[in-house]
Amino acid sequence: MKHRQKILSIILTVVILITSFATLGLAANADSTVYTRDVAKQYSQGYAAIVNGIKNLSKEINVSFAKIPYTPGVNSNQQAIGLLFSAVDDCNPEFFYLSNSYSLSYMEDPATGRYIVYAFKPNYTFTAQQVASMQAQINTVVDDIIKLTAFGQTQLEKIMIVQEEILRIADYSDPIPNPPDVAYTMYGILVNGSGVCEGYTHALNYILGKIGIETAYAPSNDMGHAWSMIKLDGQWYHCDLTWNDPTGPVAYGDFYHNYLLKSDSAFSKAIAGNAHYNWEDVPAANSNNYDSAFWNDVESRIIAVGGNWYYSDGYELYKSKVSGGSRTSVYNSNAEWHYYSDGTGTVDAGYMRTAWNGNIIYFNDNTKVYAYNVQTGTKTTVYTASGGNQIFGIGIKNGKLYGDIKKGYQSSKNIVTLLSSLPAVEYPTPAPSATTTEAPTETTTEQPTTVIVTTVPVVTTTVPVETTTETITEAPTTEDAGFNYLLGDVDGDFQVNIADVTHLQKILASLEPRTPYNMLSADADGDGVVAIGDATEIQKFLAQLLSEDTLINTIQRCNLIVAQ
């Protein structure tokens, strides 16, 4: 449930270099009207430059062109650069190597006489070589999860599959390791198998983003907590994966679902004894479609395969259509579980749990484990307990089936291997794999010496103006500009809408100035030339004749939504 704080080291480059430290809290205060995404939109070029620099492990990122204001002596977490860093850190789960501290230099803007941020200097917890190796490990896990989503026929099923896989892999880290390094990242959750709320949220958002499901990062400074927002069928919902992961003395193979796809109203009320409050800077979740979903009381893994849900109430294996309707019984155990280790007493609960391996669902009663083939409808016994032992839940890890085998509920957990190998999974259709990220190249920047200066020169980039009113050839590249950009966002408001078409037409008619940002963002067809055809491409996108992947880059992961 813990959310890390960001630490800011400020290097002043006006008059004399000075170093000081301040604590940067999570986003803005709950009652503040200034939010991270508002600032990211306002200073979208600066946000994009920082994102692009961190992708390349740059040690110093020039953001002077973005005119980000800075006021010495003012709490940095309420300033634009602090909020931009929160947005970058929160909304880019792939930055598992980003430290929670950074430094910056600022300068006097000759045009206004006010201070602006000159350079942003992130710190990293790992080297470029380490990052490349760790990214490869992440890709392996993400690839496997994405392949499993091929069993889901709808976005809802795919969301359930991804949630359940992350819960299967990870456990909440308590206490947090020291140094924490990856406990707050998706690497900790997906590769190390442990972490805290930020890690759960980043892992879920990252994988759902890979399969085209829009998410947002939802923080609550007052709670010291964070979770996901998920967009499903045009509606936003809350999903707290951390609180869905059981902790404490629970049955082996438990999965909780109380905090999956909930409305604002439901999330603000006590669910399973806990309520969320004072979340910040996220879309409204007004739909209550899933507030009373069947999964609220399910403590076994819910398996989505073949257009059906499979799950247990502790005693019985059920099957129901994803599209709705009543459930049917697949197997009723009529079993009882002993309370005491001598085989006496009865627990007032059932411990049938489920595990998933493609078209095979494993489940248990009190003495046996069964393999149920969803295609043939056949059930086979694969394990039988002996010596008065009973089975208190099952689970799959590292390609093996495990079970909690003991004589009674009071006995300590006794996790043993039931099946040392499982059949290879036959996927219904080829599924896209996770994009392998090229290892960032670590760049170095010579550190400035401590000198007395009056101002830091402002570098101005001039884009040549062609004589034609239709075509400007050789649009600048990302490397030329030194920052990332949003294709189609010609007017720089971090949205793509009809206003960008009008702005592009004015640029082509020399009625609006040309800048490196709008020249890059205007090249919608990617041919390196800015022309009237780019306006046509943007119009096609707005008419939904082009996919988002064709036009929009990954900056949208921060929920800076494109206006339709």
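Quick note: structure is the one above.
Just so you know, these numbers come straight off a predicted model, no measurement behind them. (Residues numbered from 1 in each chain as written. Predicted model: local features only at pLDDT ≥ 70, side-chain atom pairs only at ≥ 80, totals over all residues. Heavy atoms only, no water.)

J.: Any details on the overall build of the protein? Residues and values, ideally.
T.: Secondary structure assignment for the protein yields 14 helices and 22 strands. The proportion of buried residues among the 564 residues of the protein is 54%. Across the protein, the fraction of contacts at a sequence separation of at least 24, relative to all contacts at a separation of at least 6, is 61%. Element-wise, carbon and sulfur atoms account for 48% of the exposed surface of the protein, whose accessible area totals about 23700 Å². (Helix = DSSP H or I, 4+ residues; strand = E, 2+ residues; numbered from the N terminus. Buried < 20%, exposed > 50% of the residue type's maximum accessible area, 1.4 Å probe, protein only. Contact = heavy atoms within 4.5 Å. Areas by Shrake-Rupley, 256 points an atom, 1.4 Å probe, with all protein chains shown as cover.)

J.: Can you explain the packing of aromatic side chains? Please cite residues and give values.
T.: Within this structure, the stated rule accounts for 33 aromatic pairs. Residues phenylalanine 151 and tyrosine 427 carry aromatic rings whose centres are separated by 6.0 Å and whose planes lie at 50° to one another, so their mutual orientation is tilted. Residue phenylalanine 151 is located in the loop between helix 4 (128-148) and helix 5 (155-169), and its partner tyrosine 427 is located in the loop between strand 22 (415-419) and helix 10 (478-481); the two are separated by 276 residues in the primary sequence. Of the residues examined, phenylalanine 151 reaches a relative accessible area of 4% and is grouped as buried. (Phe/Tyr/Trp six-rings, centres within 6.5 Å; stacked < 30°, edge-to-face > 60°.)

J.: Summarise the sheet that holds strand 8 (residues 215-220); cite the residues concerned and give the values.
T.: Reading across the sheet, the four strands line up as 8-9-10-11 and stay open at both edges, with antiparallel pairing between neighbours. Where the open sheet ends on each side, the last strands, each with one partner, are strand 8 and strand 11 (260-262). The sheet shows a mean angle of 40° between the axes of neighbouring strands, taken without regard to direction. Pairing of strand 9 (residues 225-232) with strand 10 (residues 235-239), which is carried by five bridges, proceeds in the antiparallel orientation. Looking at the pairing, leucine 232 lines up with glutamine 235 of strand 10. (Pairing = 2+ DSSP bridges. Axes fitted to C-alpha atoms, helices over the stretch in contact; angles between N-to-C directions.)

J.: Please set out the nonpolar core residue by residue, giving values where relevant.
T.: Ile166, Leu190 and Trp295 are the most contacted members of the largest nonpolar core, which totals 95 residues. Considering every element that reaches this core, the biggest residue donor is helix 4, with nine residues. Residues in contact with tryptophan 295, not counting those within four places in the same chain, are Leu156, Met160, His257, Leu260, Leu261, Lys262, Tyr290, Ile302 and Trp309. (Core = buried A, V, L, I, M, F, W, Y, C linked by side-chain atoms within 4.5 Å.)

J.: An account of helix 4 is needed here, citing residue identities and associated values.
T.: One turn of the α-helix equals 3.6 residues, which is why residues spaced by three or four share an orientation. Between the first and last C-alpha of helix 4 there are 30 Å, a value that for 21 residues agrees with the 30 Å anticipated at 1.5 Å per step. Residues Ala128, Val131, Met134, Gln135, Ile138, Asn139, Val141, Val142, Asp143, Ile145, Ile146 and Leu148 constitute the buried set of helix 4. Where helix 4 is buried, its residues meet helix 5, helix 6 (186-192), helix 7 (197-210) and strand 16 (354-357). (Expected span 1.5 Å × (residues − 1).)

J.: Outline the packing of helix 5 against helix 7, listing residues and values.
T.: Viewed as axis vectors pointing N to C, helix 5 and helix 7 meet at an angle of 140°, and their least axial separation amounts to 10 Å. With respect to helix 7, the element helix 5 is oriented oblique. Helix-helix and strand crossings are classified by hand; for helix 5 and helix 7 the assignment is right-handed. Contacts between helix 5 and helix 7 involve Ile159, Val162, Gln163, Ile166 and Leu167 on the former and, on the latter, Tyr200, Ala203, Leu204, Ile207 and Leu208. Within the contact of helix 5 with helix 7, the residues separate by chemical class into nine nonpolar, one polar and no charged. (Parallel < 35°, antiparallel > 145°, perpendicular 65-115°, else oblique. Left-handed = near helix turned anticlockwise from the far one by under 90°. Nonpolar A, V, L, I, M, F, W, Y, C, P; charged D, E, K, R; others polar.)

J.: Just give me the short version of helix 5, but keep the residues and values in it.
T.: Taking 1.5 Å of rise per residue, 15 residues should cover 21 Å, and helix 5 covers 21 Å from first to last C-alpha, within 8% of that figure. Burial of helix 5 is extensive: twelve of the 15 residues sit out of reach of the surface. For helix 5, the complete set of buried residues consists of Leu156, Glu157, Ile159, Met160, Ile161, Val162, Gln163, Glu164, Glu165, Ile166, Leu167 and Ile169.

J.: Tell me about the sheet that holds strand 20 (residues 390-397), and please be specific about residues and values.
T.: Across the sheet, which stays open at both edges, the three strands sit in the order 20-21-22 with antiparallel pairing between neighbours. Two strands lie at the open edges of the sheet, namely strand 20 and strand 22, each paired on one side alone. Pairwise comparison of adjacent strand axes, ignoring direction, gives a mean angle of 35° for this sheet. Note: strand 20 against strand 21 (residues 400-406), six bridges, orientation antiparallel. Each residue of the ladder has a partner; that of isoleucine 394, found in strand 21, is glycine 403.

J.: Describe the side chain of serine 300, and please don't skip the residues or the numbers.
T.: In this structure, serine 300 sits in the loop between helix 9 (264-267) and strand 12 (303-305). Under the relative-accessibility criterion, serine 300 is labelled buried at 1%. A distance of 2.9 Å separates a polar side-chain atom of serine 300 from the backbone nitrogen of serine 312. Each residue touching serine 300, except ones within four places of it in the same chain, is listed here: Glu164, Gly253, Phe255, His257, Tyr311, Ser312, Met352, Arg353 and Thr354. (Polar contact = N/O pair within 3.5 Å; in protein donor to acceptor, adjacent residues only side chain to side chain.)

J.: I'd like to hear about the side chain of threonine 201, residue by residue, with values.
T.: By secondary structure assignment, the location of threonine 201 is in helix 7. Given a relative accessible area of 2%, threonine 201 falls into the buried group. Those residues within four positions of threonine 201 in sequence are excluded, and the remaining contacts are Tyr217, Ala226, Trp227 and Ser228.

J.: Summarise the environment of alanine 535; cite the residues concerned and give the values.
T.: Summarising the element assignment, alanine 535 is placed in helix 13 (residues 532-542). Sequence-distant contacts of alanine 535, that is, excluding residues within four places in its chain, are made with Val501 and Leu504.

J.: Residue-level account of the packing of helix 4 against helix 7, with values.
T.: At a minimum axis distance of 11 Å, the contact between helix 4 and helix 7 shows a crossing angle of 60°. For helix 4 against helix 7, the interelement crossing comes out right-handed. Contact with helix 4, carried on its side by Gln135, Ile138, Asn139, Val142, Ile145 and Ile146, involves Tyr206, Ile207 and Lys210 of helix 7 and no other residues of that element.

J.: Give me the lowdown on the pattern of salt bridges, citing residues and values where you can.
T.: Scanning the entire structure with this criterion turns up nine salt bridges. One salt bridge in this structure joins lysine 67 and aspartate 109, with 3.3 Å as the shortest N-O distance. Residue lysine 67 is found in the loop between strand 3 (61-62) and helix 3 (80-91), and its partner aspartate 109 is found in the loop between strand 4 (98-108) and strand 5 (115-124); the two are separated by 42 residues along the sequence. The exposure class of aspartate 109 is buried, given its relative accessible area of 5%. Here glutamate 165 makes a salt bridge to arginine 301, at a shortest N to O gap of 2.9 Å. Taken as a pair, glutamate 165 in helix 5 and arginine 301 in the loop between helix 9 and strand 12 lie far apart in primary sequence, 136 residues in all. The exposure classification of glutamate 165 matches that of arginine 301, with both residues buried. One salt-bridge network, in which partners are shared between bridges, spans Glu165, Arg168 and Arg301. (Salt bridge = Lys/Arg side-chain N within 4 Å of Asp/Glu carboxyl O.)

J.: Just give me the short version of unusual backbone geometry, but keep the residues and values in it.
T.: Positioned with a positive phi, leucine 57 is a non-glycine residue whose angle comes to about 55°. The phi torsion at asparagine 398 lies on the positive side, around 55°, for a residue other than glycine. When you line up the elements, asparagine 398 lands in the loop between strand 20 and strand 21. For asparagine 398, a relative accessible area of 73% translates into the label exposed.

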